[in-house]
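# Reading the structure
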Amino acid sequence: MVANSEKLKAETKGLSFYYGNVQALKDIRLPLTEKEVTALIGPSGCGKTTLLRCFNRMHDLYPHNKYEGEITIFPDNINIVDRGIDPLDIRMRIGMVFQKPNPFPKSIYENIAFGLRVRGVRKKTILDEQIEKSLTRAALWEETKDRLQESAFNLSGGQQQRLCIARALATGPEMLLFDEPTSALDPIATSKIEDLIVGLKEEVTMLIVTHNMQQAARISDWTGFMMLGELIEFDKTDKIFTNPAKKLTESYITGRFG
Ligand SMILES: Nc1ncnc2c1ncn2[C@@H]1O[C@H](COP(=O)(O)OP(=O)(O)O)[C@@H](O)[C@H]1O
Ligand SMILES: [Mg+2]
């Protein structure tokens with residue numbers, strides 16, 4: 001488990017979640033180590049997406065959804081699923097990248113400028129500078145610097161996904177959430193996104209849902225294995241994939257069910 005020397009960016013404690021009467025998460029305790037990648041794996045329907053979405057209060061959009069327990073973020077020590085916390089504030093601090101790239105129907109430039117303007121950035125020189133910086137961090141600058149005014153839809157799927165990552169990075173989030181970010185991409189585009197995620201460890205804490213166990217093994221430091229709404233096992237990625245403590249984890253990673 002997490003050693004005392006590891007610095008935590010966030011931790012869920014006793015986290016349960018309900019879609020109306022259906023309990024989708026059961027008493028989850030998951031620590032997220034700062035500036036490292038934590039992966040969530042497990043069979044389809046086990047609650048990976050549900051857990052990820054708790055971290056930026058996506059579930060608040062539907063009135064019958066209910067959180068129990070806490071997700072504390074550090075160093076401020078605030079519980080982000082507390083009703084008193086504004087989900088919009090949380091979404092500024094914790095960005096999300098979805099399964100299918102979802103750029104806005106705007107230019108490449110405007111996709112990134114949008115969030116900056118919402119934060120009150122008005123000066124063109126500052127916008128230009130921040131846009132270059134975000135595209136560079138998302139390994140997309142060289143491919144787009146001469147076509148910033150073109151529609152984002154002219155980009156390939158992999159480029160669109162990197163644009164979504166640049167957009168999420170532009171406003172300086174502390175954490176990034178990824179829900180199967182490469183499942184719609186070919187192997188080359190996938191490996192670019194994986195390299196990008198590994199490189200981003202210098203600046204942000206990341207939580208990634210993947211149905212691809214090789215991907216979890218390649219890019220994550222920590223792995224949580226989920227089943228039926230429970231976090232069955234959580235440990236260093238190497239340990240989970242070479243010497244898991246639980247029989248269920250072993251059965252899953254050796255492909256005996258899934
Ligand atoms: N909007 C919803 N309303 C009701 N049940 C849902 C909703 N979304 C997901 N579920 C249920 O919650 C469980 C977990 O789903 P999900 O988090 O999407 O799993 P995963 O991402 O691991 O495939 C499943 O049983 C699923 O059917
Ligand atoms: Mg899912």
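Residues numbered from 1 in each chain as written. Chains lettered and ligands numbered in written order. Predicted model: local features only at pLDDT ≥ 70, side-chain atom pairs only at ≥ 80, totals over all residues.

On to the nonpolar core. Formed by 61 residues in total, the largest nonpolar core has its most connected members in Cys54, Ala166, Leu176, Leu177, Met206 and Ile208. The greatest single-element share of this core, amounting to seven residues, is contributed by helix H6 (residues 157–170). Excluding residues that lie within four positions of it along the chain, methionine 206 makes contacts with Val37, Met175, Leu176, Phe178, Ile197 and Leu200. (Core = buried A, V, L, I, M, F, W, Y, C linked by C-beta atoms within 7 Å. Buried ≥ 20, exposed ≤ 12 C-beta atoms within 10 Å, placed from the backbone. Helix = DSSP H or I, 4+ residues; strand = E, 2+ residues; numbered from the N terminus. Contact = placed C-beta atoms within 7 Å.)

Quick look at H6 now. Along its 14 residues, H6 runs 20 Å from first to last C-alpha, staying within 8% of the 20 Å computed at 1.5 Å per residue. Buried residues dominate H6, accounting for 13 of its 14 residues. Trailing H6 by a residue or two, glycine 172 shows a phi angle of about 65 degrees, which is positive. (Expected span 1.5 Å × (residues − 1).)

What surrounds ligand 1 is the set Tyr19, Val22, Ala24, Gly42, Ser44, Gly45, Cys46, Gly47, Lys48, Thr49 and Thr50. For the shell around ligand 1, the element with the most residues is helix H1 (residues 48–54), which contributes three residues. Residue composition of the shell around ligand 1, by class: four nonpolar, six polar and one charged. (Near = placed C-beta within 6 Å. Nonpolar A, V, L, I, M, F, W, Y, C, P; charged D, E, K, R; others polar.)

Attention now goes to unusual backbone geometry. In this structure, proline 75 follows phenylalanine 74 across a cis peptide bond, with omega equal to 5 degrees. Phi angles above zero are rare outside glycine, and lysine 35 is one such case at about 55 degrees. For lysine 35, the position within the fold is in the loop between strand S2 (22–33) and strand S3 (37–41). The residue glutamate 180 is not glycine, and still its phi comes out positive at about 45 degrees. Residue position: glutamate 180 is located in the loop between strand S7 (175–179) and helix H7 (187–200). For glutamate 180, a count of 19 C-beta atoms within 10 Å translates into the label partly exposed.

It is at 8 Å that the axes of helix H4 (residues 124–137) and H6 come closest, and there the two elements cross at 125 degrees. On the basis of the axis angle, H4 is oblique to H6. The interaxial crossing formed by H4 with H6 has right-handed handedness. Residue-level inspection shows Gln130, Ser134, Leu135 and Arg137 of H4 in contact with H6, the latter providing Ala166, Leu169 and Ala170. Looking at the contact of H4 with H6 residue by residue, the classes come out as four nonpolar, two polar and one charged. (Axes fitted to C-alpha atoms, helices over the stretch in contact; angles between N-to-C directions. Parallel < 35°, antiparallel > 145°, perpendicular 65-115°, else oblique. Left-handed = near helix turned anticlockwise from the far one by under 90°.)

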